[in-house]
Amino acid sequence: DALRDGDAARGAAVFYARAMACSTCHSLGDRPAAIGPDLTKLAPKPNDAEIVEAVLEPSKTIAKAYATVTVQTDAGLQITGLPIEETGEKLVLRDAAQPDQIVTINKTEIENRQDATQSLMPNGQVNQLANREQFLDLVRVLGEISSRELFASDRDTLRIYRRWLLTRGAQDASLLVSRGLIP
């Protein structure tokens, strides 16, 4: 249904909507500090059914690189993050709450460590959508992102929309209006 009824331009608006928070965690090849997978580098490329499953059941399959760990230190600090380095002496985490923050913890200070069984993407996140059309639009844009169809040039919809969100530039607004993304 998403290929037939979904609209990638409207899906871009859903992707960047604050209520959905997709762009908060997921990179489109432009943020190495993302705590969710870079959607332009999924390998193998997911099919539509896999995209739907990932949106509806984010904890069903968690890539090892995005499996979080929660650590309690002997000083009472509790942090949840993505392990980015681990040696016999230390554990280095990307803080899940502040992805730009890297925390190094000496292993001798770790009182408790628990590997997460749930994705950082909340179950039910899709319930933030207003209707089925928005769901189909989101699935459509996610499919196009993973196949890189929207990244053929500098004029791609997602990058224009993101730039417009930051700058409110008239040229970007005009392009987005012509694509039916903003009124």
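Structure: above.
*Asks:* Explain helix α7 (residues 170–178) here, please?
*Replies:* Counting along an α-helix, one turn takes 3.6 residues, and residues three or four places apart therefore face a common direction. Inspection of α7 places Asp172, Ala173, Leu175 and Leu176 among the buried residues, and these make up the whole buried set. Looking down the long axis of α7, one finds its buried residues gathered within 165° of arc, a one-sided arrangement. Relative to its buried face, α7 has exposed residues pointing more than 90 degrees away, namely Ala170, Gln171 and Ser178.

*Asks:* Would you mind going over the pattern of salt bridges with me for this structure?
*Replies:* Side chains that differ in sign of charge can pair as their charged atoms come close. Tallying each qualifying case throughout the model produces nine salt bridges. Here Glu53 makes a salt bridge to Lys60, at a shortest N to O gap of 3.1 Å. Because the salt bridges share partners, they merge into one network encompassing Glu86, Lys107, Arg113 and Asp115.

*Asks:* How do you make sense of the sheet that holds strand β4 (residues 102–106) when you look at a structure like this?
*Replies:* Paired through their backbone hydrogen bonds, the strands of a sheet run either parallel or antiparallel. Overall, antiparallel pairing links the five strands, which are arranged β4-β3-β2-β1-β5 in an open sheet. Looking along the sheet, the strands with just one partner apiece sit at the ends: β4 and β5 (110–115). The sheet shows a mean angle of 40° between the axes of neighbouring strands, direction not considered. Alignment of strand β1 (residues 69–73) against strand β2 (residues 78–86), held across four bridges, turns out to be antiparallel. Pairing of Gln72 across the sheet is with Gln78, part of β2.

Procedures and definitions
Residues numbered from 1 in each chain as written. Predicted model: local features only at pLDDT ≥ 70, side-chain atom pairs only at ≥ 80, totals over all residues. Heavy atoms only, no water. Buried < 20%, exposed > 50% of the residue type's maximum accessible area, 1.4 Å probe, protein only. Helix = DSSP H or I, 4+ residues; strand = E, 2+ residues; numbered from the N terminus. Arc of directions from axis to C-beta. Salt bridge = Lys/Arg side-chain N within 4 Å of Asp/Glu carboxyl O. Pairing = 2+ DSSP bridges. Axes fitted to C-alpha atoms, helices over the stretch in contact; angles between N-to-C directions.

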